[in-house]
Amino acid sequence: AQSVTQLGSHVSVSEGALVLLRCNYSSSVPPYLFWYVQYPNQGLQLLLKYTSAATLVKGINGFEAEFKKSETSFHLTKPSAHMSDAAEYFCAVTEGSSNYKLTFGKGTLLTVNP
Amino acid sequence: EPEVTQTPSHQVTQMGQEVILRCVPISNHLYFYWYRQILGQKVEFLVSFYNNEISEKSEIFDDQFSVERPDGSNFTLKIRSTKLEDSAMYFCASRVAGGSYNEQFFGPGTRLTVL
């Protein structure tokens, strides 16, 4: 069965600082991995995805994530935080069945301080 | 840009009442999903729907829940007799069909409050 663990329910950074949001997964088969962002009162928007191509994945808004099979991790990073990055971030995994249901982590709330 | 829409944005109901949450998926998408997020908890898969039938459902999706695609555009989630613990944000998602993974596009959600 697939599962996701996000370390840290709340991360606070200063504007311009590095953003690092952690995600570890468990999957019985090679996974597909995703990061979604949720702004207040909005739906889930895909930031980036790993689907077994390049292990370093670039997404929207300057975010990127690296798939590390040996560490079963898919951490999300951004070199310099912007105030507009404040949101909730969810890591998700699917095992690539024909159904592709997503299993989400509990989410990490990112706050950016001026 | 096409998007998934959901109505209503907020539904308040009394315990034991039936509710229907509505979704309009993106027009050329063929897979449809419902997820829910109880306040403070993770987003959880409820059910997936393809070719006019349920393709997979979670243990949460018991006999009180049903889904339907009543016409060519809407995808609905019905809860027959709501319980307090059904209070949550419900997200609809859709994707195109295809052999490799295709992104699920999410709607803005319906917040259901059961009193």
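What counts, and at which threshold
- Residues numbered from 1 in each chain as written.
- Chains lettered and ligands numbered in written order.
- Predicted model: local features only at pLDDT ≥ 70, side-chain atom pairs only at ≥ 80, totals over all residues.
- Heavy atoms only, no water.
- Helix = DSSP H or I, 4+ residues; strand = E, 2+ residues; numbered from the N terminus.
- Buried < 20%, exposed > 50% of the residue type's maximum accessible area, 1.4 Å probe, protein only.
- Contact = heavy atoms within 4.5 Å.
- Areas by Shrake-Rupley, 256 points an atom, 1.4 Å probe, with all protein chains shown as cover.
- Lys, Arg positive; Asp, Glu negative; His and termini not counted.
- Charge placed at Lys NZ, Arg CZ, Asp CG, Glu CD.
- Buried area = accessible area lost by both parts, 1.4 Å probe.
- Salt bridge = Lys/Arg side-chain N within 4 Å of Asp/Glu carboxyl O.
- Polar contact = N/O pair within 3.5 Å; in protein donor to acceptor, adjacent residues only side chain to side chain.
- Nonpolar A, V, L, I, M, F, W, Y, C, P; charged D, E, K, R; others polar.
- Pairing = 2+ DSSP bridges.
- Axes fitted to C-alpha atoms, helices over the stretch in contact; angles between N-to-C directions.
- Disulfide = S-S within 2.5 Å.

**Things to note about the overall build of chain A**
Okay, so step 1: Scanning chain A from N- to C-terminus turns up zero helices and twelve strands.
Okay, so step 2: Overall size of chain A, expressed as C-alpha extent along the three principal axes, is 45 × 30 × 20 Å.
Okay, so step 3: Looking at the 114 residues of chain A, the share that counts as buried comes to 46%.
Okay, so step 4: For chain A, long-range pairs separated by at least 24 residues make up 57% of all intrachain contacts whose partners lie at least 6 apart in sequence.
Okay, so step 5: As displayed, chain A has an accessible area near 5,300 Å², and 52% of this comes from carbon and sulfur atoms.
Okay, so step 6: The positive charge centre, built from 8 side chains, and the negative charge centre, built from 7, are 6 Å apart in chain A.

**Here we look at the interface of chain A and chain B**
Interfaces are often sized by the amount of accessible area the parts lose when they come together.
Okay, so step 1: Each partner contributes residues to the interface: chain A has 21 residues there, and chain B has 20 residues.
Okay, so step 2: Roughly 1,800 Å² of surface becomes buried between chain A and chain B when both sides are summed, with 55% attributable to carbon and sulfur atoms.
Okay, so step 3: At the boundary of chain A and chain B, one finds one salt bridge.
Okay, so step 4: Close ionic contact of Glu56(B) with Lys101(A) constitutes a salt bridge, the shortest N to O distance being 2.9 Å.
Okay, so step 5: On the surface where chain A and chain B come into contact, there are four residue pairs in polar contact (both at pLDDT 80 or more).
Okay, so step 6: Of all the secondary structure elements, the ones that give two or more residues to the side of chain A that touches chain B are strand E5 (32–38), strand E6 (44–50) and strand E10 (87–94) of chain A.
Okay, so step 7: In the side of chain A that touches chain B, the residues fall into ten nonpolar, eight polar and three charged.

**Observations regarding the side chain of Ser58(B)**
All names here are of chain B.
Okay, so step 1: Within the secondary structure layout, Ser58 lies in the loop between strand E6 (53–57) and strand E7 (65–68).
Okay, so step 2: For Ser58, a relative accessible area of 16% gives the class buried.
Okay, so step 3: A polar atom in the side chain of Ser58 sits 3.0 Å from the backbone oxygen of Phe45.
Okay, so step 4: With near-sequence residues (within four places) excluded, Ser58 lies in contact with Phe45 and Leu46.

**Topic: the pairing of strand E3 (residues 19–24) of chain B**
Residues and elements named next belong to chain B.
Okay, so step 1: The alternating pattern of E3 places Val19, Leu21 and Cys23 on a buried face and Ile20, Arg22 and Val24 on a face that is not buried.
Okay, so step 2: Both strand E1 (residues 5–7) and E3 contribute to a ladder of three bridges, which runs antiparallel. Bridge pairing links Thr5 to Val24 in E3.
Okay, so step 3: Summarising the sheet, E3 and strand E8 (residues 75–79) pair through five bridges and their orientation is antiparallel.

**Describing the sheet that holds E8(B)**
Either a parallel or an antiparallel arrangement is found when strands of a sheet pair, and the pairing is made through backbone hydrogen bonds.
Residue and element names in this part refer to chain B.
Okay, so step 1: One open sheet accounts for four strands, arranged E1-E3-E8-E7; its pairing is antiparallel. Where the open sheet ends on each side, the last strands, each with one partner, are E1 and E7. Taking the axes of each pair of neighbouring strands and ignoring which way they run, one obtains an average angle of 20 degrees across the sheet.

**Looking at the state of the cysteines**
Okay, so step 1: Per the counting criterion, the structure on display carries two disulfides over all chains.
Okay, so step 2: Covalent S-S linkage joins Cys23(A) and Cys91(A), the inter-sulfur distance amounting to 1.9 Å. Across the S-S bond of Cys23(A) and Cys91(A) the torsion is about -65 degrees, and the bridge reads as left-handed. A residue pair is termed long-range when its members are at least 10 positions apart, and Cys23(A) in the loop between strand E3 (19–21) and strand E4 (24–26) and Cys91(A) in strand E10 qualify at 68 residues.
Okay, so step 3: For Cys91(A), a relative accessible area of 0% corresponds to the buried category.
Okay, so step 4: Through a disulfide, Cys23(B) is tied to Cys92(B); the S-S separation comes to 1.9 Å.

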